[in-house]
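Results of the structural survey
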Amino acid sequence: MTDPAALPERLRLRVVALVSAVLPSITPVPPSLRKVAGFAPARRARLGGSAIWAALEDASFREHAAVQVAVVPPSADDPVDTAARAWLARDEGWESVVAEVAGSLGEHEERDEQSHAEHARLAAQVAALQAELSAVRAEHREELERAKADHKVLRQRLGEARGVLRAAEQARDAAYAARDEAVTAAEAATRTAEADVRRLRAQLDEAEATLAAGRRETRSDRDAASIRARLLLDAVVDAATGLRRELALPAVSGAPGDAVEAALAGVDAAPSSSAPATPALLEQTLALPRARLVIDGYNVTKQRWPNASLEAQRSRLVAALGPLVARTGAETTVVFDAAESTVRTAMPAPRGVRVVFSPEGVIADDVIRQLVAAEPRGRVVVVVTGDQAVARDVARDGARAVPVPALLSVIGS
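Please read all numbers here as calculations on a predicted model, not as lab measurements.

Attention now goes to the packing of helix H4 (residues 59-71) against helix H5 (residues 79-89). Remark: H4 packs on H5, axes separated minimally by 8 Å, with the N-to-C direction vectors making an angle of 140°. Classified by the angle their axes make, H4 and H5 are oblique. In this structure, H4 uses Arg 62, Ala 66, Val 69 and Ala 70 to contact H5, whose residues at the interface are Arg 85, Trp 87, Leu 88 and Ala 89. Partitioned by chemical class, the residues of the contact of H4 with H5 number 6 nonpolar, no polar and 2 charged.

Below, the structure is given as structure tokens:
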């Protein structure tokens, strides 16, 4: 009974059914069965039975299949299942088990051929109906997906329309409210204007009467008025002097025509500089509203701590800027040159102080020029640097260039 062709049809079908049930878990799967392994379990034995039976001629594949079939619990009291498993496993005594079942099945083979043929026909009809049902279901799913997509688009359009409607209603209500408010304000302004006109007329009459009486005043009265005017003028002059002292405004030098005259003479006009001249004036400048302070980091640190490491220089400068920023409130940025480095170290900074490393291949001087150029004209921007080229460039952009010693005197580190 070792010849596969000698097995009864029913026993062969049971062997194929057992192997098809575990086919995806058999490793390796022969190339001829890879497509069959992707079928649904119910279709493997029906559509790939011949290929499975042909592959079982390979002893290695049959042994792997027997291992996987052994994991599946056997059918209780089913001699055909027992014989099929014995044929696959080929354990000791398997031939007698297969021969006994094959003998009993041989008697029913002829009777079952007709029923098998009918079963095959019915199975083919069921398969055709299942395929047709699958196609109908797929078509219904596509229609459902299209309907869902249309529904989603309609809901989105409805939401957009509702939003537009709400915005229009809000705009209408706002327009009505603005109109009512404008009407009310106009009425109130009209009443106020009428009252002001009446009051001004009364004041005009009173002023005319006062003027007539004033003309009749004596010279001493005119002298008293002159004294009062002089006192008022002195008060204004004192107030202007105090304001100039409070803002520490520097004296104005030069004239607007200096640049034109220098150009006509072929000489470059000296650049106008409004940089703070003293540490005290620098701190007062930084205390102005919305002041901006940009510092050339290594240009400052290498003058103050030339023997310290770069990391120590950065830490000392940033820490020393904390009290100055706290006093003045100036928005402060320290730019360190990292053009030749790929490492950007994150370091803590006091509140109001930002630390910037120049990008790879870009020097700190260019970053400072970009920061100053980005600021609007008229804002107080102070740049601390010892590089004269940078100082000239930022001065042309409206910034105030300050030498390094002035900053070191302010921070006192």
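There's plenty left to go through after this.
Let us look at the pattern of salt bridges. Within the structure shown, the criterion is met by 17 salt bridges. For Glu 9, the salt bridge identified is with Arg 12, shortest N-O distance 2.3 Å. Residue Glu 9 and its partner Arg 12 are both found in helix H1 (residues 9-22); the two are separated by 3 residues, about one turn of the helix. On the basis of relative accessibility, which here comes to 28%, the residue Glu 9 falls in the partly exposed class. Put simply, Asp 196 and Arg 199 hold a salt bridge, and the shortest N to O gap is 2.6 Å.

Moving on: the pairing of strand E2 (residues 331-336). A large share of E2 lies buried, amounting to 5 of its 6 residues. Two strands pair when backbone bridges link them, and strand E1 (residues 292-296) and E2 are joined in this way by 5 bridges, in the parallel orientation. Its bridge partner lying in E2, Arg 292 is registered against Glu 331. Note: E2 against strand E3 (residues 353-357), 5 bridges, orientation parallel. Considered in E3, the bridge of Phe 336 is made with Phe 357.

This brings us to the sheet that holds E2. Where strands meet in a sheet, backbone hydrogen bonds hold them as pairs that are either parallel or antiparallel. Strand order in the open sheet made by the 5 strands is E3-E2-E1-E4-E5, with parallel pairing throughout. In this open sheet, the two edge strands, each paired with only one partner strand, are E3 and strand E5 (400-402). On average, adjacent strands in this sheet sit at an angle of 20° to one another, irrespective of strand direction. Relative to E1, helix H10 (residues 297-304) is tilted by about 60°, and along the sheet it contacts E1, E2 and strand E4 (381-384).

Bringing the packing of aromatic side chains into the picture now. Taken as a whole, this structure holds 3 aromatic pairs when the rule is applied. An angle of 15° between the planes, with centres 5.4 Å apart, marks the rings of Trp 53 and Trp 87 as stacked. Linking Trp 53 in helix H3 (residues 41-55) with Trp 87 in helix H5, this pair joins segments that are 34 residues apart in sequence. Given a relative accessible area of 17%, Trp 53 falls into the buried group. For the ring pair Tyr 298 and Phe 336, a centre distance of 5.0 Å and an interplane angle of 55° mean the geometry is tilted. Remark: Phe 336 occurs in strand E2 and Tyr 298 occurs in helix H10; sequence separation between them is 38 residues. Through a chain of ring-to-ring contacts, the aromatic side chains of Tyr 298, Phe 336 and Phe 357 assemble into a single cluster. One residue, Arg 90, lies across the ring of Trp 87, its end atom 4.7 Å from the ring centre.

Scoring rules and cut-offs
- Residues numbered from 1 in each chain as written.
- Predicted model: local features only at pLDDT ≥ 70, side-chain atom pairs only at ≥ 80, totals over all residues.
- Heavy atoms only, no water.
- Axes fitted to C-alpha atoms, helices over the stretch in contact; angles between N-to-C directions.
- Helix = DSSP H or I, 4+ residues; strand = E, 2+ residues; numbered from the N terminus.
- Parallel < 35°, antiparallel > 145°, perpendicular 65-115°, else oblique.
- Contact = heavy atoms within 4.5 Å.
- Nonpolar A, V, L, I, M, F, W, Y, C, P; charged D, E, K, R; others polar.
- Salt bridge = Lys/Arg side-chain N within 4 Å of Asp/Glu carboxyl O.
- Buried < 20%, exposed > 50% of the residue type's maximum accessible area, 1.4 Å probe, protein only.
- Pairing = 2+ DSSP bridges.
- Phe/Tyr/Trp six-rings, centres within 6.5 Å; stacked < 30°, edge-to-face > 60°.
- Lys NZ or Arg CZ within 6 Å of the ring centre and 35° of its normal.

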